[in-house]
Amino acid sequence: MAEVVELRYYPLKGCAGVEVARAELTPAGLAHDRAFMVVDEDGVFRSQRRDRLLATVRPTVGEDGRRLTLDAPGVEPVAVAVDTEGPRRAVRLFGAPFFGIDQGEEVAGWLSGVLGVRSRLVRVPPEHDRVTDGLVPGTSGYADSCAVHLLSRASLERFNALSGGLPVPADRFRPNLVVDGWDEPHTEDLARRITVGGAELAYAKLAIRCSVTLVDQSTGAKAGPEPLRTLAGYRRAAVGGVAFGSKFAVLRPGTLRVGDELVVDAWGPSEL
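Once a new chain begins, its residue numbering starts again from 1 and follows that chain's sequence as written. In keeping with the model being predicted, local features are shown solely for residues with a pLDDT of at least 70 and side-chain atom pairs are shown and tallied solely at 80 or more, while totals for entire chains, interfaces and linings include all residues. The side-chain numbers reported here are obtained from all heavy atoms of the structure, hydrogens and water having been left aside.

**A look at the packing of aromatic side chains**
Move 1: Between rings of Phe, Tyr and Trp, where Trp is taken as its six-membered ring, a pair exists when centres lie within 6.5 Å; planes separated by under 30 degrees are stacked, by over 60 edge-to-face, and by other angles tilted. Counting across every chain of the model gives five aromatic pairs.
Move 2: Grouped by ring-pair contacts, the aromatic residues Phe159, Phe173 and Phe244 constitute a single cluster.
Move 3: Whether a charge lies above a ring is judged from NZ of Lys or CZ of Arg, which has to be within 6 Å of the ring centre and within 35 degrees of the ring normal. Here Arg192 stacks its cationic end above the ring of Tyr203, 4.0 Å away from the centre of that ring.

See the structure below:
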């Protein structure tokens, strides 16, 4: 039996994840996932690809989403009331235009000090209507693409066996769901419809990996060349790059819990 063994959401895009035992799955992914984003003065998103210290910022969102606390090593935490009604400002994510609600000067100053570059914090506005790509379209907040990123322990164990070095932890790949119980690695590539915790997911596409996987998520230091070096030897994708894990759209929201059985209702061929 396949089951959910880890649940994580990432309130602030590029920053530390929050591991939980239970989470609400919304049409845009786990509740509060990538609801906030750090941008530069021109509204362009910041990413661990260039700003690795984002990994050291630990966000906490109140269950009702009305309060955000940020913590980082060596500085006092900052806590702000979340603004969901303020003026919209233009932001850009991978060149695509969206809008965000600026969260004010206090948190902007705090982030600028931690990251060492002038930064602002924005939140997804309530009317955000992004449509994500893939075999099955969906929606998401400020995630790179689709609502849910799923990774199996079998895939991670296969990678670590091939790399022959220090094991790379799951958090380097920043998944939302980690699944155990599949005998074969990369079974997530083949699952087309999934039922879990009363929710339903539909396969969108493979997760193409980038340089964020080279960053130690506890320190923000570059820890490469793994996993990209080993993945390049056996996980080159037809669309380019290397693939590890899969992205899913949400067909039916629900409540997810660690320990939930995950059932594959439909299968398809790998797009690798």
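**A word on the nonpolar core**
Move 1: Formed by 28 residues in total, the largest nonpolar core has its most connected members in Ile194 and Leu262.
Move 2: Working definition: helices are DSSP H or I runs of at least four residues, strands are E runs of at least two. Numbering for both runs from the N terminus. The set of elements that each furnish at least two residues to this core consists of β1 (3–9), β3 (22–26), β12 (148–152), β13 (177–180), β14 (191–196), β15 (199–208), β16 (243–252) and β18 (262–267).
Move 3: Sort the elements by how many residues they give to this core and β15 lands first, with four residues.
Move 4: Any two residues having at least one pair of non-hydrogen atoms within 4.5 Å are treated as being in contact. Setting aside residues no more than four positions away along its own chain, Leu262 makes contact with Ala2, Glu3, Leu150, Val179, Trp182, Ile194, Thr195 and Val196.
Move 5: Buried Ala, Val, Leu, Ile, Met, Phe, Trp, Tyr and Cys residues that are joined via side-chain atoms within 4.5 Å together make up what is termed a nonpolar core. Partly exposed residues are those whose accessible area sits between 20% and 50% of the maximum for their type, while under 20% is buried and over 50% is exposed, using a 1.4 Å probe and protein chains only. The next biggest cluster of nonpolar side chains, apart from the first, holds 20 residues, and it includes Leu12, Phe36, Ala72 and Val114.

**Some remarks on the side chain of Lys247**
Move 1: Mapped onto the secondary structure, Lys247 falls in strand β16.
Move 2: For the charge count, each Lys or Arg is scored as positive and each Asp or Glu as negative, with His and the chain ends excluded. Between Lys or Arg on one side and Asp or Glu on the other, a salt bridge is scored when a side-chain nitrogen of the former is within 4 Å of a carboxyl oxygen of the latter. As a buried residue without a salt bridge, Lys247 has its nearest oppositely charged side chain in Asp144, at a separation of 5.7 Å.
Move 3: Distance and chemistry together define a polar contact, namely a pair of N or O atoms within 3.5 Å, with one atom able to donate a hydrogen and the other to accept it when in protein, and with adjacent residues in sequence counting only for side-chain atoms on both sides. There is a polar contact of 3.1 Å between the side chain of Lys247 and the side chain of Ser145.
Move 4: Aside from chain neighbours lying at most four places away, what touches Lys247 is Ser145, Cys146, Val148, His149, Ala202, Tyr203, Ala204, Lys205, Leu206 and Ala207.

**Notes on the sheet that holds strand β9 (residues 88–93)**
Strands pair in a sheet through their backbones, by hydrogen bonds, and they do so in one of two ways: parallel or antiparallel.
Move 1: Between any two strands, at least two bridges found by DSSP are needed for them to pair. Spatial ordering of the open sheet is given by β5-β11-β10-β9, a layout of four strands whose pairing is antiparallel. Of all the strands in the sheet, just β5 (36–39) and β9 have a single pairing partner and so form its edges. Taken pair by pair, the neighbouring strands of this sheet meet at an average axis angle of 50°, ignoring direction.
Move 2: Sheet topology places strand β10 (residues 96–102) next to strand β11 (residues 120–123); two bridges connect them, and they run antiparallel. Across the sheet, residue Ile101 finds its bridge partner in β11, namely Arg123. To get an axis, fit a line to the C-alpha atoms, keeping to the stretch in contact for a helix; angles then go from 0 to 180 degrees between the N-to-C directions.

**Some remarks on the pairing of strand β8 (residues 78–81)**
Move 1: Residues Val78 and Val80 of β8 are buried on one face, while the alternating residues Ala79 and Ala81, pointing to the opposite face, are not.
Move 2: Sheet topology places strand β7 (residues 67–71) next to β8; four bridges connect them, and they run antiparallel. What sits directly across from Arg67, in β8, is Ala81.
Move 3: Turn length for the β7-β8 hairpin, with the two strands adjacent in sequence and antiparallel, is six residues, and the turn residue Gly74 shows positive phi of about 85°.

**Description of the side chain of Ser119**
Move 1: Within the element layout of this structure, Ser119 appears in the loop between α1 (105–115) and β11.
Move 2: The buried category is assigned to Ser119, whose relative accessible area is 3%.
Move 3: A distance of 3.0 Å separates the side chain of Ser119 from the side chain of Arg46, its partner in a polar contact.
Move 4: Among the polar contacts listed, one links the side chain of Ser119 to the backbone oxygen of Val117, at a separation of 3.0 Å.
Move 5: Among all residues touching Ser119, those that are not within four sequence positions of it are Val38, Val39, Arg46, Ala108, Leu111 and Ser112.

**Points about the pairing of strand β6 (residues 58–61)**
Move 1: Covered by surrounding structure in β6 are Pro59 and Val61 only, the residues Arg58 and Thr60 on the alternate face being uncovered.
Move 2: Relative to β7, β6 is paired through four bridges, and the arrangement is antiparallel. Note on β7: the bridge partner recorded for Arg58 is Asp71.
Move 3: Joining the antiparallel neighbours β6 and β7 is a turn of five residues, in which Gly65 adopts a positive phi near 75°.

Such coordinate-based values are descriptive only and should not be taken to indicate function.
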